[in-house]
Amino acid sequence: MTEQIDKALAREYEAGFVSDVESETFLPGLDEDVIRRISGMKNEPEWMLEWRLSAFREWLEMEEPDWAHVDYPKIDFQSISYYSAPKSMKDKPKSLDEVDPELLRTYEKLGIPLIEQQMLAGIAVDAVFDSVSVVTTFRDKLEEAGVIFCPISEAIQKYPELVKKYLGSVVPKKDNYFAALNCAVFTDGSFVYIPKGTRCPMELSTYFRINEQNTGQFERTLIIADEGSHVSYLEGCTAPQRDENQLHAAVVELVALDDAEIKYSTVQNWYPGDEDGKGGIFNFVTKRGICHTNAKISWTQVETGSSVTWKYPSCILKGDNSVGEFYSVALTRGRQQADTGTKMIHLGKNTRSTIISKGISAGKSNNSYRGLVRMNPGAKGARNFTQCDSLLIGDQCGAHTFPYIESRNPSAIIEHEATTSKVSDEQMFLCRQRGLDPEKAVSMIVNGFCKEVFKELPMEFAVEAGKLLEISLEGSVG
Amino acid sequence: MSNTNSLLTIKDLYASVEDKQIIKGLNLDIKPGEVHAIMGPNGAGKSTLGYVLSGRDGYSVDGGSVALAGQDLLEMETEDRARAGLFLAFQYPVEIPGVSNLEFLKASVDAQREARGEEAITSAEFLKEAKIACKQVDLPVSFLKRGVNEGFSGGEKKRNELMQMLLLKPKLCILDETDSGLDIDALQVVAEGVNSQRSADRSFIVVTHYQRLLDYIKPDFVHVLSDGKIVKSGDASLAHELEAQGYAWLQKAPAEDELEG
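In short, a report on the structure. Note that the structure is a prediction, hence the values are computed from the model and not measured. (Residues numbered from 1 in each chain as written. Chains lettered and ligands numbered in written order. Predicted model: local features only at pLDDT ≥ 70, side-chain atom pairs only at ≥ 80, totals over all residues. Heavy atoms only, no water.)

1. Looking at the overall build of chain B
Of the regular secondary structure elements, chain B holds 9 helices and 12 strands. A compact globule built from 261 residues would reach a C-alpha radius of gyration of about 18 Å, and chain B, at 18 Å, matches this within 12%. Dimensions along the principal axes, computed over C-alpha positions, put chain B at roughly 55 × 40 × 35 Å. Every one of the 261 residues in chain B was classed for burial, and the buried ones make up 56%. Roughly 11100 Å² of accessible area belongs to chain B as shown, and the carbon and sulfur atoms make up 47% of that amount. One finds the centroid of the 28 positive side-chain charges in chain B at a distance of 4 Å from the centroid of its 41 negative side-chain charges. (Helix = DSSP H or I, 4+ residues; strand = E, 2+ residues; numbered from the N terminus. Rg over C-alpha atoms; globule rule 2.2 N^0.38 Å. Buried < 20%, exposed > 50% of the residue type's maximum accessible area, 1.4 Å probe, protein only. Areas by Shrake-Rupley, 256 points an atom, 1.4 Å probe, with all protein chains shown as cover. Lys, Arg positive; Asp, Glu negative; His and termini not counted. Charge placed at Lys NZ, Arg CZ, Asp CG, Glu CD.)

Right under this line is the structure:
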């Protein structure tokens, strides 16, 4: 059976094509001058440049972390290009008609048509290509509701007060090595502001695409949900199939003010490298949200790509009665390595958090859950429930769980459940005896295993995520 | 003995598990519509026969041939045997957490329809059929939404197997000790379900340790399997004989070519 599974897993990466777009790309290398040039390309105000430079100086003093259960060659930060943008974007197209058709085709091929009439109704998309945002759809409709959804480079120009107030407020500049690097060199990403008492009328989504060779993508996302507002946001990511590793070091900050709710979903399908572990994206991402009184942040992630993943979407439950949730499916195959999980920091009274993590390992991959639940002295009556389930496919992969639990308030209740299981021969036999082919059988068993997480995704994407798993698992059955 | 009218023809079958030969020269011929009971002591190879016929991994055929409706069964993949109409009701059905019964069954039915060149069944139509099947095996409709065998009692699992059989409409049903662990009421429900499915184009192999089930499902033939081969065949009365005398007297007897059907 293992042989069948391996065969099913050894499948082409569908998003692995390269778009033929003429780009303006910086020469590899990183120094203050490069940061000044990035800032210059974006026409940024002086305060933004200063912010970047101070982060860069912090970064130079920091060490690359090595505690994650992943193994990768040392990154040469001087061999990476820190800015690449399609030339056609230089004149800032005013409307979709002016956007390079090759760019539109790229997104269409990825199943993300940017022509509004063709899009899934009710979803606005910000498309980020290498270092720039190509287009943001449905902006007029969102503006009617007072919702701001634009590239962060534009927000820096148009809404400097909001950006100044919140940028770096959840993930400080020197939070960690990759976050500091992102602060110095981030190029684009999405900015969202939902006004008081507003329910965002559409799903918002950002689609990140790395195209150019030897470039890193350093995007920055900032979402602010003002008091009593509600927003659901989804990000997707892909990259061409290349033999070299590429670095993706993003920072996402969420601010949920009193009574606000943010639902943040990720379907990550970066190129995972080939069967021998050659190529693929290094995905070193810092995602964190802060919940004020009665607010709620829910992270849902489906991670199938990247050669190395290092990512812990977290919640700081600052306000009383605030709620944090983390639902994760991480699938690794081939030689992929994932070290992912969450941090739930309970500060306020009666704060609640739920963690459901489903790790699926196949091939020769390694899949680790790493999570921290901390109850601070003020977290009276706080509760956490954690469930970590691992599913093994074949006998050459690894699943690891590293839960950290710190309770400094005796009234806090923390529950942790963990299971490890295998796709069993009996299950495979039952499915095949009923007429299902082995690939369908594995994908059905795996989808069943992930059900609790998939039901948290927005409808359209739950179907997508199921299909993505099916594709990722194709060839994994033997 | 066998001819083109047979649904299943097993000739001189030898098979092993983990290098241990369990089936040792087994012959059996089943015509459409017939019900054959296979009885025998523990370790005779009764369950192994079901697994070998359905193509379970780890069970290797050392010799002989098996034809299902004229096709060489042993050359086919497990799923293709199912699509060709072979159904095995498991003695210990396994759980598939998170996959609803309905989803699992529809996928199975669709896979088999696709193999026959038919369109997938519509969800509404399938739900209707599934509800009827639930009723027939006395399972609440809510079981369709539950994970496959997840948290089911022993009896519920057996009835769930039967429900799958009703929906898949196989040509050959192998019931592997479906009566084990059932109380008398559950046994009757299962037997009624099987009896309702008896037809001129559906055959059954009923594997059982006890004669009790055969009071409810009347077999056309009864075979005694001992040490990997059929040592005696007869009609339904043989089951009563076995009940009275046990298997010991047969195990000593040489195999005879008394096969029928």
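2. With respect to the overall build of chain A
Each helix and strand in chain A was counted, giving 11 helices and 23 strands. Among the 478 residues that make up chain A, the fraction classed as buried is 64%. Sequence-distant contacts, at least 24 apart, represent 84% of the contacts inside chain A between residues at least 6 apart. (Contact = heavy atoms within 4.5 Å.)

3. Quick look at the pattern of salt bridges
Applying the stated rule across the entire model yields 33 salt bridges over all chains. A salt bridge links Asp57(B) to Arg432(A); the shortest N-O distance between them is 4.0 Å. On the criterion of chain membership, the pair formed by Asp57(B) in the loop between α1 (46–54) and β4 (59–68) and Arg432(A) in helix α9 (residues 425–433) is interchain, its members lying in two chains. Accessibility expressed as a relative area gives 49% for Asp57(B), which makes it partly exposed. Two residues, Asp220(B) and Arg198(B), come together in a salt bridge whose shortest N-O distance is 3.9 Å. Of this pair, Asp220(B) sits in the loop between α7 (212–216) and β11 (221–226) while Arg198(B) sits in the loop between α6 (184–197) and β10 (203–207), and the two are 22 residues apart along the sequence. Its relative accessible area of 31% is what places Asp220(B) among the partly exposed residues. Residues joined in a network through salt bridges with shared partners are Arg432(A), Asp57(B), Glu77(B) and Glu79(B). (Salt bridge = Lys/Arg side-chain N within 4 Å of Asp/Glu carboxyl O.)

4. So, the nonpolar core
Nonpolar side chains tend to gather and get buried jointly when the protein is soluble and globular. By size, the foremost hydrophobic cluster in this structure holds 61 residues, and its most contacted members are Ile360(A), Leu8(B), Ile10(B), Leu26(B), Leu53(B), Phe104(B) and Ile205(B). The element contributing the most residues to this core is helix α10 (residues 438–454) of chain A, with 9 residues. With residues up to four places along the chain from it excluded, the contact list for Ile360(A) reads Val329(A), Ala330(A), Leu331(A), Thr332(A), Asn367(A), Leu391(A), Ile393(A), Val446(A), Phe449(A) and Cys450(A). One finds Trp59(A), Ile152(A), Val170(A) and Trp310(A) within the second-largest nonpolar core, a separate group that totals 54 residues. (Core = buried A, V, L, I, M, F, W, Y, C linked by side-chain atoms within 4.5 Å.)

5. What about the sheet that holds strand β5 (residues 71–72) of chain B?
Residue and element names in this part refer to chain B. Spatial ordering of the open sheet is given by β2-β1-β4-β5, a layout of 4 strands whose pairing is antiparallel. Of all the strands in the sheet, just β2 (20–30) and β5 have a single pairing partner and so form its edges. On the sheet, α1 packs against β1 (8–17), β2 and β4 and is oriented at approximately 105° with respect to β1. (Pairing = 2+ DSSP bridges. Axes fitted to C-alpha atoms, helices over the stretch in contact; angles between N-to-C directions.)

6. Let's talk about the packing of aromatic side chains
Residue and element names in this part refer to chain A. For the structure on display, the rule yields 23 aromatic pairs over all chains. An angle of 80° between the planes, with centres 5.2 Å apart, marks the rings of tryptophan 59 and phenylalanine 77 as edge-to-face. Residue tryptophan 59 is located in helix α3 (residues 46–61), and its partner phenylalanine 77 is located in the loop between α3 and β2 (84–86); the two are separated by 18 residues in the primary sequence. Comparing tryptophan 59 with phenylalanine 77 shows no difference in burial state: the two are buried. Pairing tryptophan 67 with tryptophan 310 gives two aromatic rings, centres 5.6 Å apart and planes at 35°, and the pair type is tilted. (Phe/Tyr/Trp six-rings, centres within 6.5 Å; stacked < 30°, edge-to-face > 60°.)

7. Things to note about the interface of chain A and chain B
Chain A puts 20 residues into the contact, and the matching count from chain B is 32 residues. In this assembly, chain A packs against chain B so that about 2100 Å² is buried in total across both faces, 61% of it on carbon and sulfur atoms. Where chain A packs against chain B, one counts 6 salt bridges. Measuring nitrogen to oxygen at the nearest pair gives 4.0 Å for the salt bridge that ties Glu426(A) to Arg56(B). The residue inventory of the side of chain A that touches chain B, partitioned by class, reads 9 nonpolar, 5 polar and 6 charged. (Buried area = accessible area lost by both parts, 1.4 Å probe. Nonpolar A, V, L, I, M, F, W, Y, C, P; charged D, E, K, R; others polar.)

8. Points about the packing of α10(A) against helix α3 (residues 101–115) of chain B
At a minimum axis separation of 12 Å, α10(A) and α3(B) run at an interaxial angle of 165°. Viewed along their axes, α10(A) and α3(B) adopt a mutual orientation that is roughly antiparallel. Relative to α3(B), α10(A) is oriented so that their crossing is right-handed. Where α10(A) approaches α3(B), its residues Lys440(A), Met444(A) and Lys451(A) are matched on the opposing element by Glu103(B), Phe104(B) and Ala107(B). Of the residues in the contact of α10(A) with α3(B), the class split is 3 nonpolar, no polar and 3 charged. (Parallel < 35°, antiparallel > 145°, perpendicular 65-115°, else oblique. Left-handed = near helix turned anticlockwise from the far one by under 90°.)

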